[in-house]
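Results of the structural survey
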Amino acid sequence: MLESHIPSGPIADKWSKHKFEMKLVNPANKRKYNIIVVGTGLAGASAAASLSEMGYRVQNFCIQDSPRRAHSIAAQGGINAAKNYQNDGDSVHRLFYDTVKGGDYRSREANVHRLAEVSVNIIDQCVAQGVPFAREYGGYLANRSFGGAQVSRTFYARGQTGQQLLLGAYSALMKEVARKNVQLFTRREMLDLIVVDNRAVGIVCRNLVSGKIETHTADAVILATGGYGNVYYLSTNAMACNVTAAWRAHRRGAFFANPCYTQIHPTCIPVHGDYQSKLTLMSESLRNDGRIWVPRSKGDKRSPEEIPESDRLYYLEEKYPSFGNLVPRDVASRNAKEWCDKGHGVGATGMAVYLDFRDAIDRDGRDVIDGKYGNLFQMYERITDDDPFKLPMMMYPAVHYTMGGLWVDYNLMSNLPGLHVLGEANFSDHGANRLGASALMQGLADGYFVIPCTIGDFLAKAGPSKVKEGHAAVRAAEKEAQERIDRLVHSKGSRAVDDFHRELGKIMWDKCGMARNAAGLKEALQEIPRLRQEFWEDVNVTGSPGTFNQVLERAGRVADFLEYGELMCRDALERDESCGGHFREEHQTEDGEALRNDDKFCHVAAWEFTGETTAPVLHQEPLTYENVKLTQRSYK
Amino acid sequence: MSASMSLSSRLTTTVAKELVVAVSGLALTGFVCMHLAGNLLILIGPEAFNAYAEKMQEFGPLLWVARAGLLAVFLAHVGTAISLARANRAARKSRYDQHNYVGRRSPATRLMLLTGLMVLMFAIFHVLDFSVFGHREGPRSIVEGMNGGASLGLWGVVYSSFGNPLRALFYIAAVSCVGLHLSHALSSVLVTLGVLFDKGTDRAELIAKAIGAAVALGFASLPAYVLVRTYLIGVAG
Amino acid sequence: MAGKTINLKIKVWRQAGPESKGEFETYDAKNISVDASFLEMLDVVNNQLERHDKEPVAFDHDCREGICGMCGAVVNGVAHGPQTATTLCQLHMRKFKDGDTITIEPWRAKGFPIVKDLVVDRSAFDRIIQAGGFVSVRTGQAPDAHAIPVPKKAADEAMDAAACIGCGACVAACPNASASLFTAAKITQLAKLPQGHPERKTRVIAMVQQMDKEGFGSCSKHYECEAACPKEIKVSNITNMNREYMKAMLSPDV
Ligand SMILES: Cc1cc2nc3c(=O)[nH]c(=O)nc-3n(C[C@H](O)[C@H](O)[C@H](O)COP(=O)(O)OP(=O)(O)OC[C@H]3O[C@@H](n4cnc5c(N)ncnc54)[C@H](O)[C@@H]3O)c2cc1C
Ligand code: HEM
Ligand code: FES
């Protein structure tokens, strides 16, 4: 049933072979096709712009007031590409290998290889758009290294790489909007997918300014709606990040793959109060020069500068001599949790470790460090009121990225014909753990280079959709969306939306967070439906539906998280092994590393929605490794 | 979008208008400086100043061409500046309850339109006063107790005008406006003309202020000189 | 990080829709942690309003880490509030004193019509970029990234300009509600880089025309934009835009 459509042949030739074998839409016919792209992040903007350049007519949607504000804007550290400009032994194969290994052998080889192949074109494209990447004095591009890699292949633009890449894609998109080939719909939230005869043919969305429910039809629908990290309430994601688009598509038949895979980023500013609305990430690049430590003795309350070298425990350097502070994120996060749980944590709550730049400042001088990380230091100081030049930063892991997503085949099409999913919203390339600087790469690979090729194959074979605005299924979906909104507004209960979100977040963090176990997950599976029921009975949504209403927006998103959280826990329970970011306490090595079970779980878990009262059905896509040998990951 | 690249549309954007204000403003500044230099001859004495005035007359028709040019530049400056000022006002329809300025914005910056309009009114009055009605050999050219009651030419006209403290103060107020106008304008113009970058800003502002002050003081020295001579030292002294 | 809290009054602009008449309303903000951000303080106030079945204050926000450019309001007469180089979401309550009354207004400019309360419509910025804030390169056309070396200085200067987050504080702070800083920053970024050169002349003309069309004012060099900019974009960009404009204004090859 799950056909991944991976082309045959040697891994390095699959993509070119596939490109040749795919059917094409003739240039003159492209303008007859309408494509909906939901999302204007790296994946959505690059796809919308590229498809429009090719001649397709595109309708592009986003929640924010401008496409430029998609959450991709917040990515700090950089983007990987196998350019080997540093002559340090990098290659397409090495990037492929590192990514598969970093993902703890739970990603599709063919997809990852294609990603590594097109990574080099991404950098070319972005430079041509005027993305001001960091450069060396000779005028050539600079690189830095990132966690999980021993080569320097990360391209960056100060601490604002995501911003610059997104502005590049956004400018390409604006160029196409100016040509009137892309129609832009800002402040729109997709609330449902329209499916007719097993083909995705449109979306229902709410105009967030007028409150009107709108329907849009097209020949294909692309979701590039980002990740679901906000199911945890506190995460490094922007406030509007949601699972709604993906979840609604799931309810219409699209399979959800590996929902339990979430990435906890090791270096975030610790939680400090219950009013807190989000967590702030400090770029992984800081680990290039910052050293992570905790006091050697438990409950040492001395201020960090009073703790002598001999009383400091640089636990990553001790445990992983070859990667040191640059181990992958899941490993770094788990170790931080472990030491805090053991009572070595620092700060007011004891839930933090130090990230210390003292030695780097002594070695390179303040100016060099300021040049590299100045804006991050400033950001840290603004939030915490501490100066990292004087005191080490305090860090704790936080939810950051979601590897799970809608299931897609090699063509990035879901099991629902016509529905394509790109970027963080799909599940495809990162397995159980994403390496730093690889999400930007994947989003842009999907949007610039993959979907423009693969969507043609679908359209050429499927032909235009015959469903128009007045179609009964369209009207029905519209009505359903409206009814759901009315239900939310009319419940007039007593508890604020955020209250429910916070409570859900706590359940998820405690029971389906950095470490999970069967007992906790089972509890969560009891608690979440209860909370969901309470939500529908007792939520208080102020204001009216027919206006700009931010409470209503949040309520809709939380309602979907309340359904989605359950699926995550179910998947986490079902996956009775540890891998990458999914750490089941029952399965660990003696060193506390994730212990996989390749015999039973070397597959993609793709869930099918069967109804609100019936359990979802699990489908498995087996993962085969022909080019990388499955081993226990070691970063020692 | 619907950009038009025609020359006329390129010449009518706000940036083009700023350029018109800048170039005309600089031309006016040049005129003001020359005018000041000529006027300072008043301090030397009637012979020097009157000789300069005579010399100017010798240009004959050329002088009229120059005057027409100056008038055109002045009108261009005023007209464009007012049109920009109106557009700028229209750009904020609803006002802030509180708007605190935290940048470099000085009173001179804030008062550009006002100082400009003051200069405009003064200029009209001034031209009528000295050029149209200020007959060089007429009764105003005679300063009581000087030159044995004979005409002192244009010097005399100016001198007797400034003998009136009200007129003198009015003149001083007007030239202060010119000074204030220039104290912002001369650094601003460097941004408009694309030559002033970040690092030079402090220095440029300082120099602009210095020139503004020098121009204002230079012009103001004339009425001051007459007043001091009339009331403190006495005419003959 | 101490658990210190303060009590404040906020006087905030309420306006139901673009055409409605707005007015100030005053609310109590009690027990606000000094470690909370300004937006988290608004969350607390909004939660209170919700509890009393009143409509919370609408305000735009998303990333809450100073990069998306979504947030922004004029706080006590200053765009993004009292801390320099800081967006509203990164402003923390430790910058205020117990007992303060804080006045909060939306960006006010003809080019930014009010949507609701503190929310404004900044789509004019998108249209300015649509007019020419891009390099006309299609996906796939690009040569190798190292085909054209770019001097580090030029790249750094382009990055300085490109740091703009499009929040609109420059417009909000400018006495003329001018969008010059925003427009100039994009023009400068692309003018500094060789990739932007082929279109530099038409770009500057078209973007300036669009800026005018949207109803923004002109630059009278008050430097208020620079002071308000959370990313410290400099007025030098405007100098640069004017220079680009002069080159293009009379050029025969536009
Ligand atoms: C703080 C931070 C730092 C990061 N740093 C890095 C880094 O250094 N390197 C790296 O590789 N990765 C990094 N990442 C991860 C990376 O930024 C994201 O995974 C990636 O940008 C996601 O891009 P996207 O296009 O898939 O989605 P997004 O950029 O999240 O875009 C989602 C789009 O979908 C729209 N949308 C969502 N839901 C709906 C809906 N229901 N209706 C309509 N529209 C909708 C949104 O408006 C938006 O336009 C970072 C992430 C965070 C949080
Ligand atoms: C002696 C006569 C005058 C001189 C020497 C002069 C000079 C200048 C100069 C050099 C500028 C700077 C232009 C720039 O910033 O690019 C300027 C600006 C300005 N002038 Fe004048 N000016 C004179 C008279 C006037 C008059 C009569 C007005 C009446 C309206 C006026 C109104 C303005 C205004 C409003 C500006 C600011 C324009 C802006 O930046 O938006 N000026 N002037
Ligand atoms: S919310 Fe993104 S910049 Fe403030």
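Notes on the structure follow. (Residues numbered from 1 in each chain as written. Chains lettered and ligands numbered in written order. Predicted model: local features only at pLDDT ≥ 70, side-chain atom pairs only at ≥ 80, totals over all residues. Heavy atoms only, no water.)

Section: the site of ligand 2
Lining the immediate surroundings of ligand 2 are 26 residues, of which B:His77, B:Gly116, B:His181, B:Ser188 and B:Thr192 lie closest. Near ligand 2, residues from chains B and C are present, making the site a shared one. Between ligand 2 and the protein, one listed contact pairs a nitrogen atom with a side-chain N or O atom of B:His77 at 2.8 Å. A distance of 2.7 Å separates a nitrogen atom of ligand 2 from a polar atom in the side chain of B:His181. Broken down by element, the shell around ligand 2 gets its largest block of residues, eight residues, from helix H2 (residues 14-44) of chain B. Taken together, the residues that form the shell around ligand 2 break down as 17 nonpolar, eight polar and one charged. (Near = heavy atom within 4 Å. Polar contact = N/O pair within 3.5 Å; in protein donor to acceptor, adjacent residues only side chain to side chain. Helix = DSSP H or I, 4+ residues; strand = E, 2+ residues; numbered from the N terminus. Nonpolar A, V, L, I, M, F, W, Y, C, P; charged D, E, K, R; others polar.)

A look at the site of ligand 1
Residue and element names in this part refer to chain A. The environment of ligand 1 is formed by 38 residues, the closest being Gln64, Ser72, Met190, Glu424 and Leu440. The separation between an oxygen atom of ligand 1 and a polar main-chain atom of Leu42 is 3.1 Å. Between Leu440 and ligand 1, the recorded distance is 2.8 Å, taken from a backbone N or O atom to an oxygen atom. Taken by itself ligand 1 offers 1,000 Å² of open surface, and the protein chains cover 98% of this. Among the elements of the structure, helix H3 (42-54), strand E6 (188-196), strand E15 (393-402) and helix H12 (439-462) are those that each provide at least two residues to the shell around ligand 1. (Areas by Shrake-Rupley, 256 points an atom, 1.4 Å probe, with all protein chains shown as cover.)

Some thoughts on unusual backbone geometry
Even without a glycine there, the phi angle at A:Arg158 is positive, about 45 degrees. In this structure, C:Lys221 takes a positive phi of about 55 degrees despite not being glycine. With respect to the element layout, C:Lys221 can be found in the loop between helix H6 (200-213) and helix H7 (224-228).

Overview of the coordination of the iron atom of ligand 2
Each donor-metal-donor angle in an ideal tetrahedron of four donors is 109.5 degrees, and each such angle in an ideal octahedron of six donors is either 90 or 180 degrees. All names here are of chain B. Distances from the iron atom of ligand 2 to its protein donors, His77 (NE2) and His181 (NE2), fall at 2.0 Å. Around the iron atom of ligand 2 sit six donor atoms; with metal-centred angles ranging over 86 to 180 degrees, the donor geometry is octahedral. Taken together, the residues span a long stretch of sequence, with His77 in helix H4 (residues 61-90) and His181 in helix H8 (residues 165-192) at a distance of 104 residues. Classification of His181 by relative accessible area gives buried; the value is 17%. (Donors = N, O, S within 2.8 Å, 3.2 Å for Na, K, Ca; no water. Tetrahedral: all angles 85-135°; square planar, octahedral: opposite > 155°, others 65-115°. Buried < 20%, exposed > 50% of the residue type's maximum accessible area, 1.4 Å probe, protein only.)

Geometry only, nothing functional implied.
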